[in-house]
Amino acid sequence: MIDVREGGIWVYAERRGDSFLPVSLELMGKAREIADRLGVELTALTVGRDGGAGAQLRRYGPDHVLELAHPLLTTYDAKAYATAISAELRRSKPSTLLLGATRNGQDLAGRLAIRMRTGLTAHVTALELDDRQNLIGWVPGFGGGIEAGVSCPVRRPQMVTVKPGVFPLPESGTPTGDVTKVVPELSEKDVGSRRISFEPKGSTVDLTRAGVIVVGGRGTGGDFTRIERLAHLLGGEVGATRVATDAGWVERDRMIGQTGVITHPELALVFGASGAVQFTVGIEGANTVIAVNRDPAAPIFDHADLGIVGDLGPVVDSLLRALAA
Amino acid sequence: MVEESKSSVPIRFDDEAWEALAATTNANRCFQCGTCTAACPLADSTPMRVRALIRRAQFGETDPLIWKCMTCAECNASCPRGVDIVGLVRHLRQEKWRTREVPKGLPTLLWGIYSDGNTFHLPPKDRAAWMKDVKVPGRGSTLLYVGCTASYDPRAQRTARSVAKLLNLAGVEFQVMGTDEVCCGEAARSVGNVGLYDDLQQRNSDAFRKRGVERVITISPHSFDALKVGQSKYGGPQVVHYTQALEELVDSGKVVGTVEKRTVTYHDPCYLGRHQGVFEPPRRLLELSGLTLVEMANNRAQSLCCGGGGGRMWMETDPLERPGSRRVSEAAGTGADLLATACPYCISVFESERGSEVIPVTDVAELVASGAKG
Ligand SMILES: Cc1cc2nc3c(=O)[nH]c(=O)nc-3n(C[C@H](O)[C@H](O)[C@H](O)COP(=O)(O)OP(=O)(O)OC[C@H]3O[C@@H](n4cnc5c(N)ncnc54)[C@H](O)[C@@H]3O)c2cc1C
Ligand code: SF4
Ligand code: SF4
């Protein structure tokens, strides 16, 4: 049996450009808690073309930040990243490595686990320590509606990928820890793919991240120009019900609901939508909902913090006037 | 995502997988006649070819088009060899959960059922919200099983209230499970998650036993089918659809009443009609209420699916491929004043296909309740 205290805890902090994915920061918060409980050190590991970005991670309580920097690591490549990281894991022998269960995180974790000949618990939704201080990762399985606790008592590092959003995002605090930059030994043969160009596909609306959403339904009668203007003035995005996207009034990736996007805005302004459950499940996570509908019995009012019964036209107009003033 | 695969992989028989499939679905009896392909309502609008799907399964390959299937059972009804094609689709989907090759949205559906006990991921504490002003005796061995859709969907809640109102008028003693009710598992079974379905059947069976339930009346035909099939394993209570229960009450004179004289056409929901053979009770209810029934050409066992079964309520369908809009046109073509049906999915689908603009869509229980007296 191996004691978890034999090495520190590492978190793989996944970069998106010069910042880090929220799940990586969530893991920093949880890992700090576990490290303190065990009395071991916490290292944030980041990989990229050059160092520098890693300094941001100091605000999330690490003892060390380790930056693996190399031109061949400019874009994510499973082979190159696994080669560089596994060399570091062999050198520093951490007891634990936590990664976000993102597309790349899952891809990388599998390869690393094979290279390190260790176990990997994937898609974990809760973490705890057993009485021997091995990590237990809880993994829900649908096969029988069960939840399995998985641990890896005989190999190190114990590896876990954690689903995004499971742990709270820690507050950023006073910087702690040191930053070390390491240039791994890599050559072209260690790289499996090369990025020639990067063009995001199609439209780039991401309603899941919008803070303000102005939604139009069938009641708009297809006039989305004022809805768009309102969204623009509020610094938000336009959303729509399925009736509005079916009619071609708005692109399909702006459809909110059961078969559309599930959103979590601070504010959703909903104009001329009846409030069918297939739509409202998509705004259930909104902080504040304001609905305008001329039918006082429309179910949308059951979901609204503020409801205005009336024709949406004059309401939109007066909002536009007030905001433009 | 889910596209037709033009596979160039060499053919490889997977005898074990095929035998497992054949054991429960009679797939080995298929002689590739193609009748199912012709019967499938998706054949006109999508590349779905049921016969080819079965052939591929024989080679151990799963056609990604399985996810488009609405489990409407048109194919089952027409197969001369008695192949359970719906069962085959569910089985193939089940395999896809193992490899996680499932359409977007379905994991969220299962999470909702698993963690909140409903298909919408909404709080279990809101499950009794459908009742509003309806009072329930809360006694007796009859249980009104409301189901997820009629519990949470404001449109379908109206149906549940109408059924409860009619039961009250007839003086039936019945209970509801309120916030203790959990999903019947039909959606999980449709998308291929048999484990979760079995779990829910077990939970429901325990709850029925604890409450001394001898008869279950369901709102949704999907719950009706799932509970009827699922509870038989536990020697559980008798399960009926509300149209059957109401027909008895109207027949025995416990509820009477007539509604404004109008013509109505009736859409047979797949799970009530083809799956469970209940064709006449809803029709009799409409006629006993004084409505004149006008049939669509595709009625009873030939009913055209609305497109909402088989988990399709949780997968987006290209507007050009939606069977629901075709059905709405067929209903409007009868010249009837109203389109009545008896399934909350059908109502959602028809209303979202602008059904209400061409022909008002309503539910059988709501029509009966609108004119009923005790
Ligand atoms: C399988 C399936 C999946 C679905 N998925 C989704 C989904 O993801 N998202 C989604 O949105 N829907 C979805 N739907 C459709 C959903 O069931 C509803 O049909 C749809 O949300 C209704 O859109 P709506 O509110 O714009 O239209 P309606 O229900 O027709 O409502 C229009 C509303 O506007 C009001 N109104 C009209 N004129 C005015 C005016 N001048 N001023 C103020 N108010 C006015 C009316 O009173 C009415 O309440 C799905 C349906 C199915 C069958
Ligand atoms: S169940 Fe219906 S949709 Fe599915 S294959 Fe059979 S006929 Fe086609
Ligand atoms: S109808 Fe029956 S026998 Fe004919 S191809 Fe389809 S499954 Fe096979």
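Nothing here was measured: the structure is a model prediction, and the numbers come from that model.

K.L.:
Looking at this model, I keep getting lost on the packing of helix α8 (residues 154-169) of chain B against helix α12 (residues 242-251) of chain B. Mind explaining?
P.N.:
When two helices pack together, their arrangement is captured by the angle between the axes and the distance separating the axes. Residue and element names in this part refer to chain B. It is at 11 Å that the axes of α8 and α12 come closest, and there the two elements cross at 30°. Judged on the interaxial angle alone, α12 and α8 are roughly parallel. Judged by the twist between their axes, the crossing of α8 over α12 is left-handed. Mapping the contact onto sequence places T159, V163, L166 and L167 in α8 and Y242, L246 and L249 in α12. Split into classes, the residues belonging to the contact of α8 with α12 amount to six nonpolar, one polar and no charged.

K.L.:
So what exactly am I meant to see when it comes to the domain arrangement of chain B here?
P.N.:
It is common to give the size of an interface as the accessible area that goes away when the parts come together. Residues and elements named next belong to chain B. Taken domain by domain, chain B consists of domain 1 (15-98), domain 2 (106-248) and domain 3 (256-371). The distance between the C-alpha centroids of domain 1 and domain 3 comes to 27 Å. Taken together, the contact between domain 1 and domain 3 spans 16 residues of the former and 17 residues of the latter. Looking at the side of domain 1 facing domain 3, the largest losses of area belong to M70, C72 and E74, adding up to 35% of the total buried there. Summed over the shared surface of domain 1 and domain 3, the result is two salt bridges. Note that E321 and K68 form a salt bridge whose closest N and O atoms lie 3.0 Å from each other. Between domain 1 and domain 3 we count eleven residue pairs in polar contact (both at pLDDT 80 or more) in total. Breaking the side of domain 1 that touches domain 3 down by element, the ones donating at least two residues are α4 (74-78) and α5 (85-99). In terms of residues, the side of domain 1 that touches domain 3 owes the most to one element, α5, which gives three residues. Class assignment for the residues of the side of domain 1 that touches domain 3 results in eight nonpolar, three polar and five charged.

K.L.:
Sorry if this is basic, but what is going on with the domain arrangement of chain A here?
P.N.:
What the domain assignment reports for chain A is domain 1 (9-190) and domain 2 (207-324). Look at where the C-alpha atoms of domain 1 of chain A and domain 2 of chain A centre, and you get two points 39 Å apart.

K.L.:
Hey, could you run me through the interface of chain A and chain B in this one?
P.N.:
Contacts between chain A and chain B engage 27 residues on the former and 26 residues on the latter. Both faces considered, chain A and chain B share a buried interface measuring about 2,200 Å² in area, 53% of it formed by carbon and sulfur atoms. Taking the shortest distance from any N to any O, the salt bridge between A:R218 and B:E357 comes out at 2.4 Å. Inspection of the region where chain A meets chain B yields seven residue pairs in polar contact (both at pLDDT 80 or more). Contributing elements (two or more residues each) for the side of chain A that touches chain B: β10 (146-150), α5 (242-246) and α6 (277-280) of chain A. When residues of the side of chain A that touches chain B are assigned to their parent elements, the largest contribution, three residues, is made by α5(A). Split into classes, the residues belonging to the side of chain A that touches chain B amount to ten nonpolar, nine polar and eight charged.

K.L.:
Where do I start with the pairing of strand β15 (residues 267-271) of chain A in this structure?
P.N.:
One face of the sheet, then the other: side chains in a regular strand alternate in exactly this way. Residues and elements named next belong to chain A. Burial of β15 is extensive: four of the five residues sit out of reach of the surface. Relative to β15, strand β13 (residues 212-216) runs parallel, the two sharing five bridges. Bridge pairing in β15 places G216 opposite F271. In the sheet, β15 pairs with strand β16 (residues 288-293) via five bridges, with the strands oriented parallel. In the sheet register, F271 faces β16, and the bridge partner there is V292.

K.L.:
Help me understand the sheet that holds strand β14 (residues 237-240) of chain A, please; the structure alone is not making it clear to me.
P.N.:
By way of backbone hydrogen bonds, the strands of a sheet pair with one another, either parallel or antiparallel. All names here are of chain A. With parallel pairing, five strands are arranged side by side in an open sheet as β14-β13-β15-β16-β17. Since the sheet does not close on itself, it has two edges, and those belong to β14 and β17 (306-309), each with one partner. Going from strand to strand, the sheet's axes swing by 15° on average, the running direction of each strand aside. The sheet strands contacting helix α4 (residues 225-233) are β13, β14 and β15, and the helix crosses β14 at an angle near 135°. On top of the sheet, helix α7 (residues 312-324) reaches β15, β16 and β17; it is set at about 140° to β15, its chief contact.

K.L.:
What is the right way to look at the site of ligand 1 in this model?
P.N.:
For ligand 1, the set of nearby residues contains 28 residues, the closest of which are A:R218, A:T241, A:I256, A:S274 and A:N293. Proximal residues around ligand 1 fall on chains A and B, making this an inter-chain site. Within the side chain of A:S274, one N or O atom sits 2.6 Å away from an oxygen atom of ligand 1. In the environment of ligand 1, an oxygen atom lies 2.9 Å from a nitrogen or oxygen atom belonging to the side chain of A:Q278. Burial of ligand 1 by the protein chains amounts to 89% of its free accessible area of 990 Å².

K.L.:
Would you take a moment to explain the environment of A:T121 for this structure?
P.N.:
All names here are of chain A. If you trace the backbone, T121 turns up in strand β7 (residues 120-124). The exposure class of T121 is buried, given its relative accessible area of 7%. Along the primary structure T121 and G17 are separated by 104 residues, whereas in three dimensions their C-alpha atoms are 27 Å apart. What T121 contacts, discounting residues up to four positions off in sequence, is G137, V139, V150, M159, V160 and T161.

K.L.:
For this particular structure, what's the right way to read α4(A)?
P.N.:
Along an α-helix, residues three or four positions apart point the same way, because every turn accommodates 3.6 residues. Residues and elements named next belong to chain A. All of the buried residues in α4 are I227, L230 and A231. For α4, the angular spread of buried residues about the axis comes to 100°, placing them on one side. Exposed positions of α4 whose direction lies more than 90 degrees from the buried face are T225 and H232. On its buried face, α4 sits against β13, β14, β15 and α7. One or two steps after α4, the chain reaches G235, where phi turns positive at roughly 70°.

K.L.:
Would you explain helix α13 (residues 280-288) of chain B in this entry?
P.N.:
Residues and elements named next belong to chain B. Within the sequence span of α13, burial applies to P281, P282, R283, L285 and L286. In this fold, the buried residues of α13 make contact with α12, β5 (263-266), β6 (292-293), β7 (338-341) and α17 (364-371). In the segment just after α13, G290 is the residue with positive phi, at about 95°.

K.L.:
Help me understand the packing of aromatic side chains, please; the structure alone is not making it clear to me.
P.N.:
Centre-to-centre distance and the angle between the planes together describe a pair of aromatic rings. All names here are of chain A. Enumeration over the complete set of coordinates arrives at five aromatic pairs over all chains. Measuring from centroid to centroid gives 6.5 Å for F224 and W249, while their planes differ by 40°, and the two rings are tilted. Residue F224 is found in the loop between β13 and α4, and its partner W249 is found in the loop between α5 and β15; the two are separated by 25 residues along the sequence. Residue F224 is classed as buried on the basis of its relative accessible area of 4%.

K.L.:
Looking at this model, I keep getting lost on the site of ligand 2. Mind explaining?
P.N.:
Close to ligand 2 lie 13 residues; B:C40, B:C69, B:C72, B:A73 and B:C75 are nearest. Residues that form the shell around ligand 2 fall into these classes: eleven nonpolar, one polar and one charged.

K.L.:
Looking at this structure, I do not really get the side chain of B:R93. What am I missing?
P.N.:
Residue and element names in this part refer to chain B. Take R93: it is sitting in helix α5. There is no salt bridge for the buried R93, and the closest opposite charge comes from E186, which lies 8.4 Å off by N-O distance. A distance of 3.0 Å separates the side chain of R93 from the backbone oxygen of C69, its partner in a polar contact. Side-chain polar atoms of R93 contact the backbone oxygen of S190, separated by 2.8 Å. Residues contacting R93, with those up to four places away along its chain left out, are I66, W67, K68, C69, S190, V191, G192 and G310.

Parameters and conventions
Residues numbered from 1 in each chain as written. Chains lettered and ligands numbered in written order. Predicted model: local features only at pLDDT ≥ 70, side-chain atom pairs only at ≥ 80, totals over all residues. Heavy atoms only, no water. Axes fitted to C-alpha atoms, helices over the stretch in contact; angles between N-to-C directions. Helix = DSSP H or I, 4+ residues; strand = E, 2+ residues; numbered from the N terminus. Parallel < 35°, antiparallel > 145°, perpendicular 65-115°, else oblique. Left-handed = near helix turned anticlockwise from the far one by under 90°. Contact = heavy atoms within 4.5 Å. Nonpolar A, V, L, I, M, F, W, Y, C, P; charged D, E, K, R; others polar. Domains from an automatic or database assignment. Buried area = accessible area lost by both parts, 1.4 Å probe. Salt bridge = Lys/Arg side-chain N within 4 Å of Asp/Glu carboxyl O. Polar contact = N/O pair within 3.5 Å; in protein donor to acceptor, adjacent residues only side chain to side chain. Buried < 20%, exposed > 50% of the residue type's maximum accessible area, 1.4 Å probe, protein only. Pairing = 2+ DSSP bridges. Near = heavy atom within 4 Å. Areas by Shrake-Rupley, 256 points an atom, 1.4 Å probe, with all protein chains shown as cover. Arc of directions from axis to C-beta. Phe/Tyr/Trp six-rings, centres within 6.5 Å; stacked < 30°, edge-to-face > 60°. Lys, Arg positive; Asp, Glu negative; His and termini not counted.

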